[in-house]
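# Summary of structural features
What follows is the residue order along each chain.
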Amino acid sequence: MTCKAVWMNLRFSKRWIGSSSPLLMSVRGMADSKLKPLKHEAIQVTITEKPQLKPDPKTLKFGHNFSDHMLLVEWNLEKGWNTPSIIPFGNLSLSPASSCFHYAIECFEGLKAYRDGDGKIRLFRPMMNMNRLNASAVASSLPKFDGTEFLECIKDLLRIDKEWIPEEEDCSLYIRPTFIGADPFLGVNPSKRALLYCITSPVGPYFESGTFEPVKLYADPQFVRAWRGGVGESKMGGNYGPTIRIQTIAQEKNCEQVLWLYGDDQQLTEVGTMNIFIHWINEDGVPEIATPPLLGNILPGVTRDSLIALAKEWKTHNVVERDVTMKQLKASIQEGRLKELFGAGTACVVCPIEKILYLDEHIPIPTMETGAEVARKLYKELTDIQYGRTEHEWSVIVD
């Protein structure tokens, strides 16, 4: 299949909405028994004839450069999944009526490939990303897929573009699987055509200030990122686009990120696009590492889950998922109980917080003053696993 054929023959998709939908009950049954599943074994590969000049790892900016190839898998309601293809990186050809443009029928993932000291390629808990992408697909009315098979396709993409994985410390290859509805139809309905694809990007530290540099947060309860009963737990563009305006307001106030609050009691939920962690002495006088619970309005982060597991292994702190309000946070500062506040996510790993601008009040956070002991320890333990310095079942070797 030529590259042109791939672009011009985007045969696309439909999804299994909730199991209670009468409209799709029969379609779901047909999908289970008759439609072709996504399979890695027949993958087709076209190698670029014009490889790009690789950027200097020392000057990498997050998400600005892309490797030579991309992975595509098409889906349509009549036949199911098409043959996966790895082709030269290039533009997509889509109808301007495609459902992803009009109704935000799309979702995505973010994970990284790391180069260890022996030059091997490693992934970090990649099936968690595949499972979360499937969950986001369900929320987006897109079809589910076999995550194991798609991951094998991604591994092939990494093998082909392995020279794009930086060897430098704090650098990696960011992997962006994306799933879009491509039905050329103006109507709020599940898409009958879809495209699942993956691109990769060599990256350095997420923040231009560098790795483990503390950030200032802007918190205003009038701005809400997501709510319980909504789709805040899904990784879809509709959860991110509307936050950019608030992020701009934060930057105008000399803050790097937004602290998202929720509810009348102003619960802490997320920091920018990161999960949030609190290290403090709790109300009962017990050392505690806390993070908000997953109740539908918070993304179930892979890094979040990993930090919880690592911290529990120490057996030095009470590690809990609990609600924490701004009132409780301020009280812990006034009483000298707060030790650290930090964000966590795939892009930045662990990000310390040094100040919050809350309703025109500047609230200092003692994270760096106390040495960021917990944040630093978690950062080191996690990155040691990711880069293969510590062998762990979470680290998956590609070759």
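Values in this document were obtained by computation on a predicted structure and should not be read as measured data.

For the rest of this paragraph, the subject is the packing of aromatic side chains. Counted under the stated rule, the structure contains 12 aromatic pairs. Plain terms: the ring middles of Trp81 and Phe179 are 5.8 Å apart, the flat faces sit at 35 degrees to each other, and that makes the pair tilted. Placement of the pair is Trp81 in strand β3 (residues 80-81) and Phe179 in strand β8 (residues 172-181), with a sequence separation of 98 residues. Classification of Phe179 as buried rests on a relative accessible area of 0%. Look at Phe145 and Phe150: their rings are 5.6 Å apart centre to centre, the planes differ by 75 degrees, and that puts the pair in the edge-to-face class. Looking at Phe145, the relative accessible area reads 8%, which means it is buried. Feature note: the residues Trp75, Trp81, Phe145, Phe150 and Phe179 constitute an aromatic cluster, connected by ring pairs. Across from the ring centre of Trp280, 5.8 Å away, lies the NZ or CZ of Arg337, which sits over that ring. We note Lys377 situated over the ring of Trp314; from NZ or CZ to the ring centre the distance is 4.2 Å.

Within the secondary structure, Pro292 sits in the loop between β14 (287-291) and α7 (302-314). When its relative accessible area of 3% is taken as the criterion, Pro292 is described as buried. Between the alpha carbons of Pro292 and Asp323 there is a distance of 5.1 Å; along the sequence they are 31 residues apart. In contact with Pro292, other than residues within four places in its own chain, are Leu268, Thr269, Ile276, Ile298, Arg304 and Arg322.

Glancing now at the confidence of the model for the chain. For the chain, the mean per-residue pLDDT works out to 91, and 91% of the residues sit at or above 70. Note on residues 1-32: pLDDT under 50 across the span, and 85 contacts to partners over four residues away in sequence or across chains.

Reading the values: the criteria
Residues numbered from 1 in each chain as written. Predicted model: local features only at pLDDT ≥ 70, side-chain atom pairs only at ≥ 80, totals over all residues. Heavy atoms only, no water. Phe/Tyr/Trp six-rings, centres within 6.5 Å; stacked < 30°, edge-to-face > 60°. Helix = DSSP H or I, 4+ residues; strand = E, 2+ residues; numbered from the N terminus. Buried < 20%, exposed > 50% of the residue type's maximum accessible area, 1.4 Å probe, protein only. Lys NZ or Arg CZ within 6 Å of the ring centre and 35° of its normal. Contact = heavy atoms within 4.5 Å. pLDDT = per-residue confidence, 0-100.

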